[in-house]
Amino acid sequence: MEHQGKELFRRAGIPIPRGQDAASPADAGEFVSANSGEWVIKAQVLMGGRGKAGKVKFAKNADEARAVAQEIMATPMPPNRQNPKGEPVNSVLVEEKLPIAKEAYLAIAIDRTTKSPVIMVSPFGGMDIEEVAEKHPGSIAKFFVNTAIGYSPFIGRELAFKAGLDPGYRKAFPAIAGGVYDLFFRYGAKLIEINPLVLTTDGRVFASDAKVELDDDALYKNPEFKKWEETLPLDEDEKLAAQAGLGTRNFRRFDGNVGTIANGAGLAMATMDAVKNAGGNFANFLDVGGGANAERVRNCYELVVNHTGAKVMFINIFGGITRCDEVAKGIVEALNTTKSRKVPLVIRLTGTNEEQGRKILADAKMTPVETMDEGAARAVELAA
Ligand code: GDP
Ligand code: MN
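Only a predicted model underlies this, so the values are computations on that prediction, with no experimental measurement involved. (Residues numbered from 1 in each chain as written. Chains lettered and ligands numbered in written order. Predicted model: local features only at pLDDT ≥ 70, side-chain atom pairs only at ≥ 80, totals over all residues. Heavy atoms only, no water.)

With respect to the coordination of the manganese ion (ligand 2)
What counts here: Distances decide who is a donor: an N, O or S atom must be within 2.8 Å of the metal, or within 3.2 Å for Na, K and Ca. Water is not included, so sites may look incomplete. A run of H or I in DSSP becomes a helix once it reaches four residues, and a run of E becomes a strand once it reaches two; helices and strands are each numbered from the N terminus. For every residue, the accessible area obtained with a 1.4 Å probe (protein chains only) is divided by the maximum for its type, and the residue is called buried under 20%, exposed over 50%, and partly exposed between those limits.
Only Asn 195 (O) and Asp 209 (OD) from the protein coordinate the manganese ion (ligand 2), and they sit 2.1 to 2.3 Å from it. Here Asn 195, found in strand β8 (residues 189-200), pairs with Asp 209, found in the loop between β9 (205-207) and β10 (211-214); they are 14 residues apart in sequence, far enough to count as distant. On the accessibility criterion, Asn 195 (13% relative accessible area) is buried.

Quick look at the structure:
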């Protein structure tokens, strides 16, 4: 969230407005009563567009801060392009209100075509970058960084000039872009965005907003982010996944009637594609993760049948060296002991002893298949 992004900015020496995150209107009021000045109160959610949604407001004293925080937290952040479901507001950030003269845009991301980091700068901050690209095409200056050489301040100076940033930015900008570049590598980010990068009427420059998307695959490098992740609000699907003992990213619901269970996110997505190709609609994404043992299979089965419109379950397990007869026994046991509603099962198992595995399944009146496409076709047929 923004306040966490700004904590990273602080570490990199990127100037941020002083402030404090608050978990309740009372906390927001208390902070403001202890600190004079004018404050901006901002919903802490994982999506942008808060300004437009009325989730960024101002307060001059503790009473106003409480009232405004109350108002912001009372309703969820409404859906927009970044999150079609919207998001509840569980905390706010109270920050020094800056006297804004200019709002610019600064970001770094990986460019897919050149496979290198690209720094992007525009003098039109404060709106979505898509909107900037639409309304002011040509206003976004880019620099593709050669990672063998890295970043030097002259790159920042040149970018500020090429983008046509207000001259008031020139002194601070190269170090800020350098800080963003450092963070990008230090923490394994996919995107770091400052929108707006504010120039105040008295000539100071601040990162007024922060968006940092970290690469999940780099999280192991920074155990502290695990804790940050745990403080994030879970949506309904993520809560259900956690209750079933899965990782929060291992389950997602959709509208179809073919339930899917697979091991590995890639295979889970391929399974969904196969259902679509067979003319059906999948009810969910589910990656069982490590070890498809009986209890896990049962939990996954129950998760899907209890919370989706699945009329059939397509289980697609790529065993490799896993013994399929063991997996098959586990599936039979799990599904004979479930108290949830029963739906027909189509199961593809590959790996060691796969033939014995298929026999065990067939004996238990389940439908074993040999290929993913065959399984998808059978499942779609059974769901119709
Ligand atoms: P976002 O809409 O979710 O991206 O939230 P931002 O943090 O970018 O804030 C949205 C808008 O609120 C900014 O573009 C500013 O116009 C306004 N805003 C935010 N902080 C301040 C501030 O300190 N002073 C003033 N005057 N406006 C602010
Ligand atoms: Mn913003």
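Concerning the site of ligand 1
What counts, and what does not: Throughout, the term near means that a residue has one or more heavy atoms lying within 4 Å of the molecule or strand in question. Two N or O atoms count as a polar contact when they lie within 3.5 Å, although within protein this holds only if one can serve as hydrogen donor and the other as acceptor, and sequence-adjacent residues are included solely when both atoms are side-chain atoms. What sets the accessible areas is the Shrake-Rupley method with a 1.4 Å probe; for residues, cover comes only from the shown protein chains. Throughout this entry, Asp, Glu, Lys and Arg are counted as charged residues, while Ala, Val, Leu, Ile, Met, Phe, Trp, Tyr, Cys and Pro are counted as nonpolar. The remaining residues, Gly among them, count as polar. A domain assignment, automatic or from a database, supplies the domain bounds used here.
Contacts to ligand 1 come from 18 residues, most closely from Lys 42, Arg 50, Gly 51, Leu 98 and Glu 103. Within the side chain of Lys 42, one N or O atom sits 2.7 Å away from an oxygen atom of ligand 1. Between ligand 1 and the protein, one listed contact pairs an oxygen atom with a side-chain N or O atom of Arg 50 at 2.7 Å. Protein contacts shield 81% of the accessible area of ligand 1, which totals 570 Å² for the unbound molecule. Broken down by secondary-structure element, the contributors of at least two residues to the shell around ligand 1 are β2 (39-43), β3 (56-59), β5 (100-111) and β8. Partitioning the shell around ligand 1 into residue classes produces six nonpolar, six polar and six charged. Among the domains, domain 1 (1-17 + 99-233) and domain 2 (18-97) are the pair contributing at least three residues each to the shell around ligand 1.

A look at the domain arrangement of the protein
Partitioning the protein into domains gives domain 1 (1-17 + 99-233), domain 2 (18-97) and domain 3 (236-383). A separation of 42 Å is found between the C-alpha centroids of domain 1 and domain 3.

Regarding the packing of aromatic side chains
How two aromatic rings sit relative to each other is given by the distance of their centres and the angle of their planes. Where we set the bar: Pairing of aromatic side chains requires ring centres within 6.5 Å, counting the rings of Phe and Tyr and the six-membered ring of Trp. Pairs whose planes differ by under 30 degrees are stacked, by over 60 edge-to-face, and all others tilted. We count a charge as sitting over a ring when the NZ of a lysine or the CZ of an arginine lies within 6 Å of the ring centre and within 35 degrees of the ring normal.
According to the stated counting rule, one finds six aromatic pairs in the structure shown. Across the ring face of Phe 58, the terminal group of Lys 97 is positioned such that the distance to the ring centre comes to 4.3 Å.

Quick look at the pairing of β8
The two faces of a sheet get side chains in turn, since along a regular strand they alternate between them. This is how the line gets drawn: Should DSSP find at least two bridges between two strands, the strands are taken to pair.
Counting buried residues along β8, eleven of its twelve residues qualify, which places the element largely inside the surrounding structure. Relative to β8, β5 is paired through eight bridges, and the arrangement is antiparallel. Considered in β8, the bridge of Ile 100 is made with Thr 200. The sheet contact formed by β8 and β10 spans four bridges and is antiparallel. Bridged to Ile 192 within β10 is Val 212. Pairing of β8 with β9, which is carried by three bridges, proceeds in the antiparallel orientation. Opposite Val 198, over in β9, you have Phe 206 as the bridge partner. Where β8 folds back onto β9 in an antiparallel hairpin, the turn is made up of four residues, including Gly 203, whose phi is positive at roughly 85°.

Let's talk about helix α11 (residues 324-337)
Short version of the rule: Working rule for helices: expected span equals 1.5 Å times residues minus one.
For α11, with 14 residues, the first-to-last C-alpha span of 20 Å sits near the 20 Å given by 1.5 Å per residue. When we look at burial in α11, the residues that qualify are Cys 324, Asp 325, Val 327, Ala 328, Gly 330, Ile 331, Val 332, Ala 334 and Leu 335.

Examining the sheet that holds strand β1 (residues 19-22)
We apply this condition: Only the stretch in contact is used when a helix axis is fitted, and all axes are lines through C-alpha atoms; the angle between N-to-C directions ranges over 0 to 180 degrees. Residue contacts are defined here by distance: any two heavy atoms, one from each residue, within 4.5 Å place the two residues in contact.
In spatial order, the strands read β1-β4-β2-β3; together these four strands make up an open sheet with antiparallel pairing. Single-partner strands in this sheet number two, and they are β1 and β3. The sheet shows a mean angle of 25° between the axes of neighbouring strands, direction not considered. As paired strands, β2 and β3 are joined by four bridges and run antiparallel to one another. By the bridge assignment, Lys 42 is partnered in β3 with Val 56. Sheet contacts for helix α1 (residues 2-11): β1, β2 and β4 (92-96); angle to β4, the most-contacted strand, approximately 50°.

Focus on the state of the cysteines
Chemically, a disulfide is nothing more than a covalent bond linking the sulfur atoms of two cysteines. Test applied: Disulfides are defined as cysteine sulfur pairs within 2.5 Å.
One pass over the structure, following the stated rule, counts zero disulfides. Among the cysteines around Cys 300, which has no disulfide bond, Cys 324 carries the closest sulfur, lying 17 Å off. Its relative accessible area of 1% is what places Cys 324 among the buried residues.

With respect to the side chain of Thr 308
The residue Thr 308 is located in the loop between α10 (294-307) and β14 (312-323) in this model. Here Val 304 takes part through its backbone oxygen, which lies 2.8 Å from a polar atom of the side chain of Thr 308. In this structure the side chain of Thr 308 is engaged in a polar contact, spanning 3.1 Å, whose partner is the backbone nitrogen of Ala 310. Setting aside anything within four residues of it in sequence, one finds Thr 308 in contact with Phe 251, Arg 253, Ala 283, Asn 284 and Arg 341.

A short note on unusual backbone geometry
Each neighbour pair has its own omega, and for Asn 195 with Pro 196 the value is 10°, a cis peptide bond. Tracing the chain through its elements places Pro 196 in strand β8. With a phi angle near 55°, Lys 115 is a residue other than glycine that sits in the positive phi range. For Lys 365, which is not glycine, the phi torsion reads 65° and is therefore positive.

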